[in-house]
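Letter by letter, the chains look like this.
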Amino acid sequence: MKKILDPLICVPGVRRAMLIAHDGVPILYANSHEARGDGEEGSAWHDSADDVNAFAGLVAGWLAEVQRTVDPMSWNAPTRLVLQAARGTLVLLVCERAMLSVELERGALPEELRLPMEAALARLQRTLRRDHRGAVDSEEIPGIHPGRTASAVDAEGPGAEAEVHPTSARSEHAPNHPTGNEVP
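Everything numeric in this text was worked out from a predicted model, so none of it was measured. (Residues numbered from 1 in each chain as written. Predicted model: local features only at pLDDT ≥ 70, side-chain atom pairs only at ≥ 80, totals over all residues. Heavy atoms only, no water.)

### So, the overall build of the chain
Looking only at helices and strands, the chain features five helices and five strands. When its helices and strands are written in sequence order, the chain yields α-β-β-α-α-β-β-β-α-α. Each of the 184 residues in the chain was classed as buried or not, and the buried ones make up 32%. Nonlocal contacts in the chain, meaning residues at least 24 apart in sequence, comprise 48% of its contacts between residues at least 6 apart. Accessible area for the chain stands at about 12500 Å²; split by element, carbon and sulfur atoms hold 54% of it. (Helix = DSSP H or I, 4+ residues; strand = E, 2+ residues; numbered from the N terminus. Buried < 20%, exposed > 50% of the residue type's maximum accessible area, 1.4 Å probe, protein only. Contact = heavy atoms within 4.5 Å. Areas by Shrake-Rupley, 256 points an atom, 1.4 Å probe, with all protein chains shown as cover.)

### Observations regarding the sheet that holds strand 2 (residues 26–31)
The sheet built from five strands is open, its strands ordered 2-1-5-4-3 with antiparallel pairing. The open sheet is flanked by strand 2 and strand 3 (80–84), the only strands paired with a single partner. Strand-to-strand, the axes of this sheet are offset by a mean angle of 15°, without reference to chain direction. Two elements, strand 3 and strand 4 (residues 88–94), share five bridges in a ladder whose sense is antiparallel. Pairing of Gln-84 across the sheet is with Thr-89, part of strand 4. (Pairing = 2+ DSSP bridges. Axes fitted to C-alpha atoms, helices over the stretch in contact; angles between N-to-C directions.)

### What to know about the confidence of the model for the chain
Low-confidence regions, as indicated by low pLDDT, have predicted coordinates that should not be scrutinised in detail. The predicted model of the chain averages 75 in pLDDT, with 62% of residues at 70 or higher. Per-residue pLDDT stays below 50 along residues 39–45; that stretch engages in nine contacts with residues further than four places along the chain or on separate chains. Note that pLDDT drops below 50 for residues 159–172; the model gives that stretch 15 contacts with residues more than four away or on any other chain. (pLDDT = per-residue confidence, 0-100.)

### What about unusual backbone geometry?
Across the chain, the bulk of peptide bonds are trans and the bulk of non-glycine residues have phi less than zero. The phi angle at Ser-74 is positive, at roughly 60°, despite the residue not being glycine. Inspection of the secondary structure puts Ser-74 in the loop between helix 3 (49–70) and strand 3. By relative accessible area, Ser-74 is classed as exposed at 65%.

### Let's talk about the side chain of Thr-89
Tracing the backbone through its elements, the reader meets Thr-89 in strand 4. Contacts of Thr-89, omitting those with residues within four sequence positions, involve Val-82, Leu-83, Gln-84, Val-102, Glu-103, Leu-104, Ala-108 and Pro-110.

### Some points on the packing of aromatic side chains
This model, assessed by the stated rule, comprises zero aromatic pairs. Just above the ring of Phe-55 sits the side chain of Arg-16; from NZ or CZ to the centre is 4.4 Å. (Phe/Tyr/Trp six-rings, centres within 6.5 Å; stacked < 30°, edge-to-face > 60°. Lys NZ or Arg CZ within 6 Å of the ring centre and 35° of its normal.)

### Some words on helix 3
Taking 1.5 Å of rise per residue, 22 residues should cover 32 Å, and helix 3 covers 32 Å from first to last C-alpha, within 8% of that figure. Regarding helix 3, the residues found buried are Val-52, Phe-55, Ala-56, Val-59, Ala-60, Leu-63 and Val-70. An end-on view of helix 3 places all buried positions within 130° of arc, on one side of the element. Counted as exposed and oriented over 90 degrees from the buried face of helix 3: Asp-50, Leu-58 and Arg-68. Against strand 1 (14–20), strand 2, strand 3, strand 4 and strand 5 (99–105) lie the buried residues of helix 3. (Expected span 1.5 Å × (residues − 1). Arc of directions from axis to C-beta.)

### Points about a positive patch on the surface
On the surface, Lys-3, Arg-126, Arg-129 and Arg-130 cluster together into a positively charged patch. Looking at which element gives the most residues to the positive patch, the answer is helix 4 (residues 114–134), with three residues. Relative to the helices and strands, Arg-129 is located in helix 4. Assessed through its relative accessible area of 47%, Arg-129 is described here as partly exposed. (Patch = residues over 30% accessible without salt bridge, like charges linked within 9 Å, V, L, I, M, F, W, Y side chains within 5 Å. Salt bridge = Lys/Arg side-chain N within 4 Å of Asp/Glu carboxyl O. Lys, Arg positive; Asp, Glu negative; His and termini not counted. Charge placed at Lys NZ, Arg CZ, Asp CG, Glu CD.)

### Description of helix 1 (residues 2–9)
Residues of helix 1 that are buried include every one of Ile-4, Leu-5, Leu-8 and Ile-9, and no others. For helix 1, the buried positions fall inside an angular range of 110° around the axis, keeping them on one side. Exposed residues lying more than 90 degrees from the buried face of helix 1 are Lys-2 and Lys-3.

So, in structure tokens, the structure goes:
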């Protein structure tokens, strides 16, 4: 997951980047000054866990307020928000599972960050898709043997060889003889 934010914090002008859940819980955090070696212990750039949690909650609250304002107008939910302030700029990119937040230093342009943030979001979605493909779709806990379910092993007893093939599944009313497509 660290590979998602590493390219973002290398962009000049980026102070910090965070991946935040929609409820305001920080998922992943990267500080550019600590990554460059500028952030020593006790320096002004070092963020405590409380600061990170407060910032993530503030970002989630800001997004909720903007969505509450936009909802009565029947507009689509915003996906990219930019808040420019005197000390810097906050750029927020919202996706279906999380929010990508980047804090820029004063003078940095948020338009220059559009492509790197979309690339980071694409890396996140590829990672989630890859992890989702590896997950088991059924409710049953997988057995220790590939291609066999735990219930098939338990029903036939130890030493039985019953592999699960979705293409050769028969109904319970079908006759018990081979149809020509199966290996006897």
